[in-house]
Amino acid sequence: MKTRRTPIELVMRPFQEFASREASGGIVLFAATVAALIVANTELRSTVESWLAQDVSVVFGRFRDALDVHGLVNDGLMAVFFLVVGLEIKRELVSGELSSPKQAVLPFVAALGGMVVPALLYRILNPAGPAAAGWGVPMATDIAFALGVLALLGRRAPYGLKVFLAALAIVDDIGAVGVIAFTYSHGLDVQMLTGSLLVFGGLIVANVLGVRNLLVYLAGGAVMWWFMHHSGVHSTVAGILTAFTVPAASRIDARAFRERALTNLDGFEEAPEGSRSLSEDQQARLHSLERSIERVTSPLQRLIHGAHPWVAFLIVPVFAFANSGIPVDGASLSKLPTDPMAVGIALGLIVGKPLGIVGFSFVVLKAGLASWPDGVLPRHLIGAGFLGGIGFTMAVFISGLAFPDPARLETAKAAVLAASMVSGVLGYALIRARLGRPRTQKS
């Protein structure tokens, strides 16, 4: 029977189809970045800056969180971003590409090289002074942009390359979180840190006891964020820690779900022709089916599925818009090639990332410690190395932590944007080239 679509469904369908495409998040992120650059170079800049400086402090009794809109985006919304990053990391560790040593070797070593080499290049050019703090900036890979560029290539990009790049970016995120937690956190408040760790411990206990209500973990995560925000450790770390406490196991397996679903569907009698209401028995069977779906889907999967669109289409673009507004003029651009900090960031992303990713990968591949991903050629691996140089979201975020001076921060952001664009174009071109036959996975 043909389903009649309502007017709102017809209106929303193009947006739903766009959101379902892999490259959509990267496209929205790119649009937000372009919008920020346009605003920063027009008369609208002062209006946006005053809006970002608006006070949104929260007062609860004698406690007051002094935040403006910009701080709320960077410390609050980005904690949700890191929550989703943490959920994806846990999923990969539990059942994904990082779940076994053999699967994890290549992306782990590649990501390690992609972090170490850029940081070394940067420190060689900036061994001391205020700029030395930025060594963590070129270490970061923007998973949304990198996978978005790869998705634009369609079938030209082997599936094995997508899996490798996604796993690499996940390991890279782990490294970035470590850098943020241990390098860019200052002035520890032991009491507040203890409070956040107690909440973290409580959520672990809830997991062990079998608590599966996501509200428990989200509410606990919000309390942990508050403690972390006042502890001196960057508050976004609370997002990662919360993610690791969310249960990843389902209550029933696929076979049990299938049996329960078939039992309910077999007894689901057709409603009379023209009837749009369900009988009590049909409603009971639907409720039973809903409970089975909830039991076969882990809380971790449900939270990723529910939060990912908000992160991809709202949180990350808002962050990009709030942090990518850089005035572009001939004078400022001409200074970039002579500024050691900017050169260090650019070389780290454009040269250090592919050099580290590809170099470390070839070492473990030649040593026989890892095998080539299915369908991946050497040029694909080099292309992935350049896509790893798209630092954007993470790199801009770390820049804000490393450089409190506004002028230095704007220079760092400009270097990140320019280098990310170059890396993306080079990676796209290398993978798109049709040379040779795909390499099959070695046994």
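Everything here concerns the structure above.
Just so it is clear, the structure is predicted and the values come from calculations on it, not from any experiment.

Digging into the packing of aromatic side chains
- The full count for this structure, using the stated rule, is five aromatic pairs.
- Ring geometry for Phe 81 and Phe 82: centres 5.3 Å apart, planes at 85 degrees, overall edge-to-face. You'll find Phe 81 and Phe 82 in the same group, each marked buried.
- For the pair Phe 362 and Trp 372, a centre-to-centre distance of 5.8 Å together with 65 degrees between the ring planes defines the contact as edge-to-face. Remark: Trp 372 occurs in the loop between α15 (340-366) and α16 (378-387) and Phe 362 occurs in helix α15; sequence separation between them is 10 residues.
- Among the aromatic residues, those joined into a ring-pair cluster are Phe 81, Phe 82, Phe 319 and Phe 397.

Quick word on a positive patch on the surface
- Side chains of Arg 251, Arg 260, Arg 291 and Arg 295 sit close together on the surface and give a patch of like positive charge.
- According to the relative accessible area criterion, Arg 295 is partly exposed, its value standing at 34%.

Examining the layout of surface pockets
- Approximately 830 Å³ is the volume attributed to the second largest pocket.
- Taken together, 32 residues line the second largest pocket, and the ones lying closest to its centre are Thr 33, Leu 37, Leu 417, Ala 418 and Met 421.
- Looking at the lining of the second largest pocket, the elements with two or more residues in it are α2 (24-40), α6 (143-152), α14 (330-335) and α18 (406-432).
- Counting residues per element, the lining of the second largest pocket draws most heavily on α18, which supplies 11 residues.
- Within the lining of the second largest pocket, the residues separate by chemical class into 22 nonpolar, seven polar and three charged.

Here is what the cut-offs are and how they apply
- Residues numbered from 1 in each chain as written.
- Predicted model: local features only at pLDDT ≥ 70, side-chain atom pairs only at ≥ 80, totals over all residues.
- Heavy atoms only, no water.
- Phe/Tyr/Trp six-rings, centres within 6.5 Å; stacked < 30°, edge-to-face > 60°.
- Buried < 20%, exposed > 50% of the residue type's maximum accessible area, 1.4 Å probe, protein only.
- Helix = DSSP H or I, 4+ residues; strand = E, 2+ residues; numbered from the N terminus.
- Patch = residues over 30% accessible without salt bridge, like charges linked within 9 Å, V, L, I, M, F, W, Y side chains within 5 Å.
- Areas by Shrake-Rupley, 256 points an atom, 1.4 Å probe, with all protein chains shown as cover.
- Salt bridge = Lys/Arg side-chain N within 4 Å of Asp/Glu carboxyl O.
- Lys, Arg positive; Asp, Glu negative; His and termini not counted.
- Charge placed at Lys NZ, Arg CZ, Asp CG, Glu CD.
- 1 Å grid on protein atoms, 1.4 Å probe; cavity = no way out; pocket = protein on both sides within 12 Å on 5 of 7 lines; lining within 4 Å.
- Points joined across faces, edges and corners; volume = space filled by probe spheres on them.
- Nonpolar A, V, L, I, M, F, W, Y, C, P; charged D, E, K, R; others polar.

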